[in-house]
Amino acid sequence: MTFRIAVGGIHIECSTYSPALTRSEDFRVLRGGELLAADAFSFLKADDALHLPLLHARAVPGGPVARDTYQAMKAEFLDRLKAAQPLDGLYLAMHGAMNVEGMDDAEGDWIAAARAVVGPDCLIATSYDLHGNVSQTIVDQIDIFAGYRTAPHIDVRETMVRAWSMLLKALRTGETPGVAWAPVPVLLPGERTSTEDEPAKSLYAALPDFDCRPGVWDANLMVGYVWADEPRATACAVVTGVDREAARLAAEAIADSYWRAREAFRFGSVTGPLPEMLDLAEQAQTSPVILADSGDNPTGGGVGDRADVLNALMARNFQGAILAGITDRPATEACLAAGVGADLELSVGGTLDPASPRVVVRARVLRLDEGGAPAERQAVVAVGGITLVVAARRRPYHNIADFTRLGLDPRTARLVVVKSGYLSPELQPIANPNLMALTDGVINQDIEALGSERRAQPIYPFVKSFDYRAKATFSARWR
């Protein structure tokens with residue numbers, strides 16, 4: 001028998017505190033055969049399965065998705081899903097922290113619409129980022145759930161394979177899996193819950209043991225996404241299984257373990273206000289010092305156009321720093337128009353968020369990367385002793401290749417500044433040392449001061465003292 005399995009989804013993390021809406025041009029969209037040809041989905045191979053690629057949209061984390069952008073992508077996805085009928089299974093590769101203008105539970109809306117098309121007999125499997133937010137609406141539509149178990153995320157492909165493999169297992173064996181979940185009223189930033197550090201390290205290391213329990217297929221601990229002021233934003237445990245009682249007990253045990261550890265979470269790197277971190281960078285006898293500008297991190301939903309760290313480095317006349325990078329399309333285009341070797345006055349920062357600080361500098365153009373499209377262009381300029389990268393599009397600089405493409409080697413710099421929280425798996429090993437500045441921005445680490453108009457309460461650390469005991473509920477399909 002050949003099983004018909006459709007594949008698609010949408011993957012983005014959205015800060016509700018960002019004024020910079022995410023629009024269609026910010027997404028990389030894979031359609032049809034492009035999806036199956038992509039490295040990220042190259043595991044979709046099975047002799048007894050016909051994989052039907054639909055649409056998968058992915059964007060760098062940012063502000064809420066514009067309503068018309070979301071509706072257009074959802075409509076195209078559903079049209080492709082209707083054309084693929086009949087189906088035995090549907091695999092959705094999601095993130096879980098998408099916010100859409102005027103919509104509280106965007107993933108719930110997307111998945112519920114998919115369920116309405118495929119009907120009750122089709123199995124739906126999903127994979128999620130552990131920083132995603134879950135809801136009863138989401139759980140009610142699905143049969144299989146798998147979430148990342150590492151942050152920084154080094155198990156993305158492994159997690160996708162877990163979800164897909166469980167879907168194949170269910171189709172091949174005829175077993176009917178279900179989902180149990182237990183919300184935990186704790187909401188902490190990823191920088192305090194890295195699985196490289198305790199107590200998250202031990203909590204996540206325990207998850208495979210739950211997988212081995214009879215009747216349990218896959219156990220997950222979701223940290224949630226703190227920079228979304230919406231009712232579903234919370235941590236939770238989510239368990240896929242074929243035994244309701246076993247799944248319930250596992251979900252409640254995982255949830256209770258996270259609750260008990262809530263006060264033990266700390267930043268993993270040396271962390272403090274920007275002036276203190278720059279003092280340490282100036283005093284360091286080792287290199288490269290890698291400084292994370294945490295409040296403006298585009299991979300966490302930051303805007304990426306703030307120039308406050310650049311301004312602070314200039315005020316200190318800092319020598320030997322690479323700052324990668326600041327999103328500023330007008331500045332990038334001005335550099336391209338001037339050409340390599342040109343000296344020009346450049347306004348940097350504040351082009352996407354009016355609240356972002358900007359600075360006017362005298363710069364010399366060192367290198368240009370014209371990319372494949374205007375939105376991909378980058379420029380490298382010298383501002384005194386600082387090598388600055390400006391980019392036309394919001395993007396991170398978390399991989400060594402992001403630097404070498406521009407003729408830069410972060411390993412030889414005295415100081416490297418990146419808009420990041422915890423460092424990526426490529427930058428962490430070369431940091432000597434790693435510092436994180438508690439900078440301003442739409443994903444700043446002062447979470448207790450965030451506006452919390454719609455977030456469910458009580459929730460730690462917004463409220464410090466209240467009672468909690470985990471109680472799991474099941475998918476409507478399992479009930």
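These numbers come from a predicted model, not from an experiment. (Residues numbered from 1 in each chain as written. Predicted model: local features only at pLDDT ≥ 70, side-chain atom pairs only at ≥ 80, totals over all residues. Heavy atoms only, no water.)

S.K.: Before we move on, can you summarise the nonpolar core with the specific residues and values?
M.R.: Among the nonpolar cores identified, the biggest contains 51 residues, and Val184, Val239, Ile254 and Tyr258 are the most heavily contacted of them. At the level of elements, β7 (178–184), α6 (200–205), α7 (207–211), β8 (216–222), β9 (235–241) and α8 (244–260) are the ones that each hand at least two residues to this core. Counting residues per element, this core draws most heavily on α8, which supplies eight residues. If we ignore the near neighbours within four places in the chain, the residues touching Tyr258 are Val184, Val186, Leu188, Thr193, Leu203, Leu221, Val223, Ala235 and Phe265. Of all hydrophobic cores here, the second largest spans 44 residues; its members include Leu55, Val100, Val179 and Trp181. (Core = buried A, V, L, I, M, F, W, Y, C linked by side-chain atoms within 4.5 Å. Buried < 20%, exposed > 50% of the residue type's maximum accessible area, 1.4 Å probe, protein only. Helix = DSSP H or I, 4+ residues; strand = E, 2+ residues; numbered from the N terminus. Contact = heavy atoms within 4.5 Å.)

S.K.: Tell me what's going on with the environment of Ile10, and back it up with residues and numbers.
M.R.: Mapped onto the elements, Ile10 comes out in strand β1 (residues 3–11). The spacing of Ile10 and Met94 is 84 residues in sequence and 5.3 Å in space, taken between C-alpha atoms. Apart from residues lying up to four places away in sequence, Ile10 is in contact with Phe27, His56, Ala57, Met73, Ala93, Met94, His95, Met98 and Trp110.

S.K.: Now, about the sheet that holds strand β13 (residues 343–348): what can you tell me, with residues and values included?
M.R.: With mixed pairing, the nine strands of this open sheet are ordered in space as β10-β18-β11-β17-β12-β16-β15-β14-β13. Where the open sheet ends on each side, the last strands, each with one partner, are β10 (270–272) and β13. Pairs of neighbouring strands in the sheet enclose a mean axial angle of 30°, with direction left out of account. Two elements, strand β12 (residues 321–327) and strand β16 (residues 386–391), share six bridges in a ladder whose sense is parallel. Each bridged residue has a counterpart across the sheet, and for Ala321 the counterpart in β16 is Ile386. Docked against the sheet, helix α9 (residues 274–283) engages β10, β11 (289–293), β17 (415–418) and β18 (434–437), running at close to 155° with respect to β18. (Pairing = 2+ DSSP bridges. Axes fitted to C-alpha atoms, helices over the stretch in contact; angles between N-to-C directions.)

S.K.: Which residues make up helix α2 (residues 67–83), and what values do they have?
M.R.: When the terminal C-alpha atoms of α2 are compared, their 24 Å separation across 17 residues agrees well with the 24 Å that a helix rising 1.5 Å per residue should span. Of the residues making up α2, those classed as buried are Thr69, Tyr70, Met73, Lys74, Phe77, Leu78 and Leu81. One face of α2 carries all of its buried residues, which in axial projection span an arc of 155°. Exposed residues on α2 whose side chains face more than 90 degrees from its buried face are Asp68, Lys82 and Ala83. The inward-facing, buried residues of α2 abut β1, β2 (27–31), β3 (49–59), β4 (89–93) and α3 (106–118). (Expected span 1.5 Å × (residues − 1). Arc of directions from axis to C-beta.)

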